[in-house]
Amino acid sequence: MQINATLISNKRIGQYHQLIINIGDLAIDCKPGNFVAISVGGDSSRMILRRAFAISRTSISATFGGTMELIVAAHGQGSRWLCEQSEGVSLDVVVPLGTAFGIPTESLPVLLVGGGYGSAPLFGLAEVLNARGCRVDMLLGASTGTKIYAPMEGKRAVNSLRIFTEDGSMGQMGRVTDPIPDLIADLNIAVIYSCGPMPMLGAINAITSKVGVVHQAAVEEAMACGVGICMTCVVPVADSIGAISMLRSCIDGPVMDGALVQWDKVGRAL
Amino acid sequence: MTSVDFSTTLGNSWFPSPIFTASGCASSGRELAQFFALHDIGGVVTKSVMNKARTGRQTPRMAETPSGMLNSIGLQGPGIDAFIAKDIPYLIEEKARIIVSIAGETIEEYSTLARKLRGVAGISAIEVNISCPNVENRGLVFACDADASRRVIDGVRRTIGGELPIIAKLSPDVTDLVSIAKGVVDAGADALSLINTVLGMVINLETMRPHLGGKTGGLSGPAIRPIAVRAVYQVHEAMPSVPILGMGGISSGRDALEFIAAGASAVSVGTASFGNPTALISIQKELKELLAIKGFTSLRDAVGFAHRDQAAD
C-alpha cells in the first residue's frame, strides 16, 4: 500500500535516528523482516528513487493507532534528508514490503546475529520469538562500537546479548561469527536469524551448512523500486533441484533460506 | 471542463489511453497490479523477452544519479515459452492491452520470437527492442547500425505477417537517428519507440572502479527527458505520418504533453514507477486535465502540435 504517513517522533540515539511513523492498521500486517520504501527529498528533489528501510518494530497504541519504528543511520543523501524531518511532516510511504522472517511453530532455541546498521529488526524479531516461547540469544557485531545498535529495552526479550567489534571499542574484540560454532553446540541452536552485510551472512552460512542448522538470512542488495519491477536487487538462489536463478530480494526476500542462496556467486554473473 | 477524447492508435491497434508502461519497468504487470488495475492504463509494454531464459548481469545493477538512474540488468527473463505460458494469460485475465517487447542476440532470434508470438491471441502490438544497451558487445546493438536495424525489422515483418503492428525501439546513441528511423519504417515497422536508455557510467570513488557490475548501464529518468523530446521531434518532423511511442523521464502530465506536442501518439512511463508505483495513474489523470485546460477536445489534435506554424495558432 502507498500512503501518506505522519512522522510522529524523530529522536537521535547515538549514531542513529529512531523514527516513529503512523501507518494506522497497516501496522498489523508488518512482520519482522518486512521493510518500507519512503520518498525522500520532497517534490523538487533530484533523488528520484525511494529509500528502503527495515521495520524494526511496530506497535498499536490508543493515542496514535498503529505505528512503526525505523532505525535510520544518516549516511547517504536520502537518509540524511529523512533524519532531518521534523515531527508532524507527512511522508510518502509504501508499506509493508518483502518476505518476513519465518517464526517456528514450536518453541526452539534460536540465535539472532546482526551486523552494523542491519541489526535493528532483530529486536522486534526477538520479541516475537520470545512470545512464541523460544529461547533467544543474540550476537551483534560491527567494525567499531559507534555502529552497534543495542537499545536497553531491546535486551528484555533476549536471554543473552554479546557484542563484538573489530577494533575492540565495545564488547569483545573479534568477529561476530567467531563464537557461533560453540554457541550452536552449547545451546543446541535450531535456527539462526541473521541480518547485516552480505559477507557476514555468507560466513554464517558456511557454519550453518556444516551442522545442518536452519539459516534465515535477510539479504542486502541495492534496489531501485522495492516492489519487484526493476530487477536490480537480485541474489543468486538455487531451487529444490539445484537450478540457480536471480531472485529479487525485494519480493522473494529480503529474508531468504540461507542454504539456498549461492553466497559465493553474489555479485558475479552466472 | 470539456471531456477529452483520450484514445490513440499505433498502427492498426486502438488504445483508450495514451499512457503505457515502459518495457523493463513493469516486469510482466503482476507487481504493479497491486497498486492499480492494469486495464485502467493504455497498455502494458512487457519486459523484453528473449528466446531462452536468461539470468542477466551481476550486481550492482543500479546507481542513482542526479534526476536519473543507471541500470544494468542484461535482459534477465524467463524466455519466450514460459512468458507465453504464464505471463500472457495473466495479462489477458486482467484485461490489459498487451504490447510484447522482444529482444534477440541475432537477426534469426528476433524472427524466432516473432514466429512463436504469431499465433498468440490477445496481443495488441510487438515492440522490437533493437536498442538495449546492456549487452556484452556494443556491436550487438542493432539500432546503432542502419543496415542491421532494417534486417531485424524485415525478418520480424516477414514472419509475423501484415496484421500485428510492429513498433521498433530505437537508441538515441546514434549520429543520424532519422536515417535509422526511415530504414526500419521502410523495412515494415508501423511505429517507433523513442527512446531507449542512454549509455552511461558511474565510477565508485571508494573502489575507484566502475560502480556497476556490468561497468556501463542505461541512463533513464528526468535527466534524459530533453534528449528524448528532441528525438521524438526530429523523427516526427521527418516522418509525420509514422506514430511514435515516446518515453524518457516522463514523471508528470506536463512531461507527457511535451512528448505529445513533439509528435508522440502515446507515451511510456518507466523509471517514474520505481519512485512511485502509482505514477502511471497520476500522469494519466494530469495529462487528461492538462489537455482540457489547453482547450483540446481530442488527444490526436495535440500530437505534433509543436511543429505547427505560430501563425496557425
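The model shown is predicted, which means the values in this text are computed figures rather than measured ones. (Residues numbered from 1 in each chain as written. Chains lettered and ligands numbered in written order. Predicted model: local features only at pLDDT ≥ 70, side-chain atom pairs only at ≥ 80, totals over all residues.)

Draft legend 1. Quick look at the overall build of chain A. Helix and strand counts for chain A come out as 5 helices and 15 strands. Relative to its length of 270 residues, chain A is compact, with a C-alpha radius of gyration of 18 Å against a globular reference of 18 Å. For chain A, the spread of C-alpha atoms along the three principal axes comes to 50 × 40 × 40 Å. Across chain A, contacts joining residues at least 24 apart in sequence account for 64% of those joining residues at least 6 apart. (Helix = DSSP H or I, 4+ residues; strand = E, 2+ residues; numbered from the N terminus. Rg over C-alpha atoms; globule rule 2.2 N^0.38 Å. Contact = placed C-beta atoms within 7 Å.)

Draft legend 2. View of the nonpolar core. Core analysis: the largest hydrophobic core is formed by 184 residues, its most contacted members being I126, V128, I167, L192, V232 and V267 of chain B. Split by domain, the residues of this core number at least three in each of domain 1 (2–97) and domain 2 (109–220) of chain A. Excluding its chain neighbours within four sequence positions, the residues that come into contact with I167 of chain B are L10, A125, I126, E127, V128, A189, D190, A191, L192, S193 and L245 of chain B. (Core = buried A, V, L, I, M, F, W, Y, C linked by C-beta atoms within 7 Å. Buried ≥ 20, exposed ≤ 12 C-beta atoms within 10 Å, placed from the backbone. Domains from an automatic or database assignment.)

Draft legend 3. Quick look at the interface of chain A and chain B. The interface is formed by 25 residues belonging to chain A together with 31 residues belonging to chain B. In terms of residue class, the side of chain A that touches chain B is made up of 15 nonpolar, 6 polar and 4 charged. (Nonpolar A, V, L, I, M, F, W, Y, C, P; charged D, E, K, R; others polar.)

Draft legend 4. View of the sheet that holds strand β15 (residues 244–246) of chain B. Residues and elements named next belong to chain B. Ordered by their spatial adjacency, 8 strands build an open sheet running β3-β16-β15-β10-β9-β8-β7-β4, and the pairing between neighbours is parallel. The open sheet is flanked by β3 (19–21) and β4 (44–45), the only strands paired with a single partner. Judged from the 3 bridges that link them, β3 and strand β16 (residues 266–269) form a sheet pairing that is parallel. Residue pairing for β16: T21 is matched across the bridge by V269. (Pairing = 2+ DSSP bridges.)

Draft legend 5. Here's a closer look at the sheet that holds strand β12 (residues 214–218) of chain A. Residue and element names in this part refer to chain A. Across the sheet, 7 strands lie side by side as β10-β9-β8-β7-β11-β12-β15; this open sheet has mixed pairing. Pairing within the sheet leaves two strands with one partner each, and these edge strands are β10 (172–173) and β15 (255–257). Across 7 bridges, strand β7 (residues 109–115) lies against strand β8 (residues 135–142) in parallel orientation. By the bridge assignment for β8, G115 is matched with G141. Helix-sheet contacts for helix α5 (residues 198–211) involve β7, β11 (191–195) and β12, and the interaxial angle to β12 is about 175 degrees. (Axes fitted to C-alpha atoms, helices over the stretch in contact; angles between N-to-C directions.)

Draft legend 6. Spatial organisation of the domain arrangement of chain A. Residues and elements named next belong to chain A. The assigned domain composition of chain A is domain 1 (2–97) and domain 2 (109–220). Between domain 1 and domain 2, the C-alpha centre-to-centre distance is 24 Å. Each partner contributes residues to the interface: domain 1 has 11 residues there, and domain 2 has 11 residues. Of all elements in the fold, only β4 (51–61) and β5 (65–73) reach the threshold of two or more residues within the side of domain 1 that touches domain 2. Here the element with the most residues in the side of domain 1 that touches domain 2 is β4; it accounts for 4 residues. In the side of domain 1 that touches domain 2, the residues fall into 6 nonpolar, 4 polar and 1 charged.

Draft legend 7. How the structure looks around the packing of helix α6 (residues 253–262) of chain B against helix α8 (residues 279–293) of chain B. Residue and element names in this part refer to chain B. As a packed pair, α6 and α8 sit with axes 7 Å apart at the nearest point and diverge in direction by 65 degrees. Classified by chirality, the crossing of α8 by α6 is right-handed. Two secondary-structure elements touch here, α6 through G253, R254, A256 and L257 and α8 through I283, E286, L287, E289 and L290. A class-by-class count of the residues in the contact of α6 with α8 yields 5 nonpolar, 1 polar and 3 charged. (Left-handed = near helix turned anticlockwise from the far one by under 90°.)

Draft legend 8. Molecular detail of the environment of M247 of chain B. All names here are of chain B. Structurally, M247 is set in the loop between β15 and α6. On the basis of neighbour counts, which here come to 32 C-beta atoms within 10 Å, the residue M247 falls in the buried class. Between the C-alpha atoms of M247 and I224, which are 23 residues apart in sequence, the distance is 9.6 Å. Aside from chain neighbours lying at most four places away, what touches M247 is A22, S193, I195, A228, V267, S268 and G270.

Draft legend 9. Structural context of helix α4 (residues 177–186) of chain B. Residue and element names in this part refer to chain B. Turning to α4, its buried residues are L177, I180, A181, G183, V184 and V185. In this fold, the buried residues of α4 make contact with α3 (146–160), β9 (166–169), β10 (191–194) and α5 (225–238). At the C-terminal side of α4, G188 shows a positive phi close to 125 degrees.

Draft legend 10. Local environment of the pairing of β5 of chain A. Residues and elements named next belong to chain A. Note: strand β2 (residues 16–22) against β5, 7 bridges, orientation antiparallel. Bridged to N22 within β5 is T67. From the end of β4 to the start of β5, which pair antiparallel, there are 3 residues.

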